[in-house]
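Residues per chain, in single letters:
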Amino acid sequence: MVRAGLTAERVVEAAADLADSVGFDKVTISALARGFGVKDASLYSHVRNLHDLRTRVALLAAGEFIDRINAAVAGRAGKGALTAFADAYRAFALERPGRYEATQMRIDPEVVVRSSAYHRTIETTGAMLRAYGLAEPDLTDAVRLLRSTFHGYCALEANGGFGAPRDVQTSWERSVEALHFLLEHWPSATGRSERRASTSKGENDD
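Residues numbered from 1 in each chain as written. Predicted model: local features only at pLDDT ≥ 70, side-chain atom pairs only at ≥ 80, totals over all residues. Heavy atoms only, no water.

A. Seen up close, helix 5 (residues 78-95). Here helix 5 is 18 residues long and its end C-alpha atoms lie 26 Å apart, about the 26 Å a rise of 1.5 Å per residue gives. Residues of helix 5 that are buried: Gly 78, Ala 81, Leu 82, Ala 84, Phe 85, Ala 86, Ala 88, Tyr 89, Arg 90, Phe 92 and Ala 93. Contacts made by the buried residues of helix 5 are with helix 4 (50-73), helix 6 (97-103), helix 8 (116-130), helix 9 (138-158) and helix 10 (168-184). (Helix = DSSP H or I, 4+ residues; strand = E, 2+ residues; numbered from the N terminus. Expected span 1.5 Å × (residues − 1). Buried < 20%, exposed > 50% of the residue type's maximum accessible area, 1.4 Å probe, protein only. Contact = heavy atoms within 4.5 Å.)

Take a look at the structure:
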């Protein structure tokens with residue numbers, strides 16, 4: 001019998017909390033059932049299997065993640081928006097490690113298409129970068145740069161990977177300033193093509 005009051009929402013929220021406590025990779029149906037004081041079978045009335053549970057946690061986390069970022073960047077543009085975005089990203093990654101790990105999970109593209117959280121993430125990130133005058137394909141390149149920088153920094157910080165005496169917060173702020181400078185001076189794809197064409201022409205003239 002399903003325990004009274006147990007819902008899919010409660011199960012997913014509890015799984016997200018468990019992920020923050022022990023790690024996303026350690027979230028299992030059995031561990032979650034023990035927390036509720038029920039048998040595994042009771043949870044299968046609310047989630048299909050472990051993959052379904054973890055996918056739901058990832059979607060929940062993605063929504064909470066972008067909600068925090070949107071609240072931070074509201075009314076800001078340029079460096080202010082980038083700094084707010086970066087700080088909200090880092091805060092979530094460090095304060096909600098299991099949820100953050102869940103956002104890195106590879107999800108079925110069909111599920112992603114139906115997720116409002118992922119659409120909002122794309123819209124917010126794109127709007128911030130378009131304020132720098134970026135358009136495709138530079139936009140995608142810039143998104144990948146920001147994501148890899150933020151993710152790498154947060155992963156190293158969370159694992160105690162920064163051993164030098166330099167203050168970690170100061171290095172973070174300097175890194176964001178450097179990204180702002182780079183985005184303001186981004187070499188456009190058109191400019192690269194023109195330079196390659198010019199170089200090629202010069203070589204042929206020789």
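B. Looking closely at the layout of surface pockets. If you add up the space inside the largest pocket, you get close to 950 Å³. Considering the residues around the largest pocket, the lining is formed by 26 residues, among which Tyr 118, Thr 121, Ile 122, Val 143 and Arg 147 are closest to the centre. Sorting the residues of the lining of the largest pocket by element identifies helix 4, helix 5, helix 7 (109-114), helix 8 and helix 9 as the ones contributing at least two each. For the lining of the largest pocket, the element with the most residues is helix 9, which contributes 7 residues. Tallied by class, residues from the lining of the largest pocket come to 16 nonpolar, 6 polar and 4 charged. Taken together, 16 residues line the second largest pocket, and the ones lying closest to its centre are Ala 93, Pro 97, Tyr 100, Glu 101 and Ala 158. Listed by contribution, the elements that provide at least two residues to the lining of the second largest pocket are helix 1 (8-22), helix 5, helix 6 and helix 9. Considering only residue class, the lining of the second largest pocket consists of 9 nonpolar, 5 polar and 2 charged. (1 Å grid on protein atoms, 1.4 Å probe; cavity = no way out; pocket = protein on both sides within 12 Å on 5 of 7 lines; lining within 4 Å. Points joined across faces, edges and corners; volume = space filled by probe spheres on them. Nonpolar A, V, L, I, M, F, W, Y, C, P; charged D, E, K, R; others polar.)

C. Structural detail: unusual backbone geometry. For the bond running from Glu 136 to Pro 137, omega is 5°, close enough to zero to count as cis. Relative to the helices and strands, Pro 137 resides in the loop between helix 8 and helix 9.

D. Fine view of the packing of aromatic side chains. Inspection of the entire model under this criterion finds 9 aromatic pairs. Over the aromatic face of Phe 24 sits the side chain of Arg 54, whose NZ or CZ is 5.8 Å from the ring centroid. (Phe/Tyr/Trp six-rings, centres within 6.5 Å; stacked < 30°, edge-to-face > 60°. Lys NZ or Arg CZ within 6 Å of the ring centre and 35° of its normal.)

E. Expanded view of the environment of Ala 31. The topology assignment puts Ala 31 in helix 2 (residues 29-36). On the basis of relative accessibility, which here comes to 19%, the residue Ala 31 falls in the buried class. In the structure, Ala 31 is positioned 16 residues away from Ala 15 in sequence and 9.1 Å away in space, judged by C-alpha atoms.

F. Fine view of the pattern of salt bridges. The full count for this structure, using the stated rule, is 11 salt bridges. With its nearest N and O atoms 2.6 Å apart, the salt bridge here joins Asp 67 to Arg 120. In this pair, Asp 67 sits in helix 4 while Arg 120 sits in helix 8, placing the two residues 53 residues apart along the sequence. Accessibility expressed as a relative area gives 26% for Arg 120, which makes it partly exposed. Glu 95 is the partner of Arg 68 in a salt bridge, and the nearest nitrogen-oxygen pair spans 2.9 Å. (Salt bridge = Lys/Arg side-chain N within 4 Å of Asp/Glu carboxyl O.)

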